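Analysis of the macromolecular model
Single-letter residue listing:
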Amino acid sequence: ETLLAIESSCDDTGASIIIDAEIASNVVSSQIDHQNLGGVVPELASRKHMESIGWVVEEAVKNARIEKKDIDAIAFTRGPGLMGSLLVGVSFAKSMAQALDIPIIEVNHMEAHILSHFIDDPVPDFPFLCLTVSGGHTQIVKVFDYNKMEVLGQTLDDAAGEAFDKAGKIMGLPYPAGPHIDRLAQKGQAVFPLPHPTVDKYHFSFSGLKTAFLYFLQKEMKKDPGFIDNNIHDLAASLQSTIVHILLKELKQTSQDTSINEIAIAGGVSANSALRSQLSKVGAELGWNVYIPKLEYCIDNAAMIAQAAWFKYLHQEFSSFNITADPRLKV
Ligand code: ATP
Ligand code: FE
């Protein structure tokens, strides 16, 4: 059985083919223009999806060495994400499925980030906890099954990825700043203390960290205009270590309270090298089975959509052709 999956929730256009539970191709076209614009411009993102989606799908089909007539169903990201971006993927999937006379499968982007753990072995045992950390979300999710998940806690304001990106912007780094901070931090020490917010158990708040970081830099720059340039590595390391500390503290608490030791991370920020190494370290100390995705499955990709769709396909869970995008779709 062969599925085509399309991902277009934000600024990356992705297509993937899954054949009998194995990913056969995974193509991503990134919209590098946004680097110079300081963030994702929704109007531009949807136009770019429109330009890319045709060849990205062709490429995925070609790389999997199949033909379009071999496809049994088409999956797409229904949400959450940017409305204009999602609509391109949903419309493309519907039209292509109509033409091939095959069913469609809607996928929740955040659930797919979590289910990316089933692409390769070892796979987590249900129930497991997943810290989903991305550009738009920061959640601790209890995963009972592929279609049964409960959000135990989440951010009350900015996502962890946003904290990296906004703080990076203040330091003059290009968008998205997360990977740049990760790279700069490798040569730095976490010498600058930054505040850790107090919020309810399992929840997060990152907007205060960003503001505190801004005020701290403004104060230091008044004394020394070269402060950011001269301390860029230590600033990156301090920021990164604070964010990782906040994330792991709540994850530890959740594991303790739920007695679940199967612990996964997912989403773009799970590519962060400090989060990955600290999680392995804490996991070894506490006897957790830790699941860390391959880098290509951390950032937005269509393979995770294909994997999530595979579970639905096995249960013949198809969507109506009346379906439309849902920018605020919840887990
Ligand atoms: P969502 O999944 O919530 O809809 P999104 O799809 O835009 O949001 P992802 O593509 O999953 O988000 O993740 C992008 C985020 O990951 C960005 O904020 C980026 O800075 C961050 N990120 C990527 N790599 C790293 C890294 N190595 N260190 C820290 N952050 C990173
Ligand atoms: Fe994402």
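Per an unreviewed UniProt entry, the chain goes by the name tRNA N6-adenosine threonylcarbamoyltransferase and belongs to Membranihabitans marinus. Per its UniProt entry, the chain bears the Subcellular location (unreviewed entry) comment "Cytoplasm". According to the UniProt record, the Catalytic activity (unreviewed entry) comment for the chain is "L-threonylcarbamoyladenylate + adenosine(37) in tRNA = N(6)-L-threonylcarbamoyladenosine(37) in tRNA + AMP + H(+)".

Considering the site of ligand 1
Near ligand 1 lie 25 residues; those nearest to it are Gly135, Gly136, Gly161, Gly178 and Gly268. Secondary structure elements with two or more residues in the shell around ligand 1: helix 3 (109-115), helix 4 (160-170) and helix 5 (178-185). A per-class count over the shell around ligand 1 returns nine nonpolar, 13 polar and three charged.

Let's talk about helix 2 (residues 83-100)
Think of an α-helix as turning once every 3.6 residues; residues three or four places apart then point the same way. The first and last C-alpha atoms of helix 2 sit 26 Å apart over 18 residues, in line with the 26 Å expected at 1.5 Å per residue. Next to the buried residues of helix 2 lie strand 1 (2-7), helix 1 (42-63), strand 4 (73-79) and strand 5 (104-108). In the stretch just after helix 2, Asp101 is the one whose phi turns positive, near 60°.

Brief notes about the pairing of strand 4
For strand 4, the tally of buried residues reaches seven of seven residues, placing the bulk of the element in the interior. For strand 4 and strand 5, the ladder comprises five bridges, and the chain directions are parallel. Opposite Ile74, over in strand 5, you have Ile104 as the bridge partner. Regarding topology, helix 2 serves as the crossover connection from strand 4 to the parallel strand 5, and that connection is right-handed.

Notes on the nonpolar core
Residues Leu3, Ala5, Ala75, Ile305, Ala306 and Ala309 are the most contacted members of the largest nonpolar core, which totals 94 residues. Broken down by element, this core gets its largest block of residues, nine residues, from helix 8 (residues 232-258).

Let's talk about the UniProt feature "binding site: substrate" (unreviewed entry) in the chain
Mapped onto the present numbering, the UniProt feature "binding site: substrate" (unreviewed entry) falls on Thr132, Val133, Ser134, Gly135, Gly136, Asp165, Gly178, Asp182 and Asn272. When sequence neighbours within four positions are dropped, the list of residues in contact with Gly136 reads Pro80 and Ala159. With respect to the secondary-structure elements, Gly178 resides in helix 5. Here Gly178 is in contact with Gly161, Phe164, Asp165, Gly268, Val269 and Asn272, once residues within four sequence places are set aside.

Some remarks on the packing of helix 4 against helix 6 (residues 207-223)
Packed helix pairs are characterised by how far apart their axes lie and by the angle those axes make with each other. Look at helix 4 against helix 6: their axes get within 10 Å of each other, and the N-to-C directions meet at 15°. The pairing of helix 4 with helix 6 is recorded here as roughly parallel in orientation. Judged by the twist between their axes, the crossing of helix 4 over helix 6 is right-handed. Contacts from Ala163, Lys166, Ala167 and Ile170 in helix 4 reach Leu209, Lys210, Phe213, Leu214 and Leu217 in helix 6.

A look at the sheet that holds strand 9 (residues 262-266)
Judged by pairing direction, the sheet is mixed, and its five strands sit side by side in the order 8-7-6-9-10 without closing on themselves. A strand with exactly one partner marks an edge of an open sheet, and here the two such strands are strand 8 (148-154) and strand 10 (289-291). Adjacent strand axes in the sheet meet at a mean angle of 25° when their direction is disregarded. Judged from the four bridges that link them, strand 6 (residues 128-133) and strand 9 form a sheet pairing that is parallel.

Examining helix 6
If you check helix 6, its first and last C-alpha atoms are 25 Å apart, about what 17 residues at 1.5 Å a residue would give, namely 24 Å. All buried positions along helix 6 are accounted for by Leu209, Lys210 and Phe213. Along the long axis of helix 6, the arc covered by the buried residues comes to 95°, so they all point the same way. In this structure, helix 6 carries Thr211, Tyr215, Gln218, Lys219, Lys222 and Lys223 as exposed residues pointing more than 90 degrees from its buried face.

About the thresholds
Residues numbered from 1 in each chain as written. Chains lettered and ligands numbered in written order. Predicted model: local features only at pLDDT ≥ 70, side-chain atom pairs only at ≥ 80, totals over all residues. UniProt positions renumbered as here; feature names shortened; annotations may be inferred. Near = placed C-beta within 6 Å. Helix = DSSP H or I, 4+ residues; strand = E, 2+ residues; numbered from the N terminus. Nonpolar A, V, L, I, M, F, W, Y, C, P; charged D, E, K, R; others polar. Expected span 1.5 Å × (residues − 1). Contact = placed C-beta atoms within 7 Å. Buried ≥ 20, exposed ≤ 12 C-beta atoms within 10 Å, placed from the backbone. Pairing = 2+ DSSP bridges. Right-handed = clockwise from strand over helix to strand, strands pointing away. Core = buried A, V, L, I, M, F, W, Y, C linked by C-beta atoms within 7 Å. Axes fitted to C-alpha atoms, helices over the stretch in contact; angles between N-to-C directions. Parallel < 35°, antiparallel > 145°, perpendicular 65-115°, else oblique. Left-handed = near helix turned anticlockwise from the far one by under 90°. Arc of directions from axis to C-beta.

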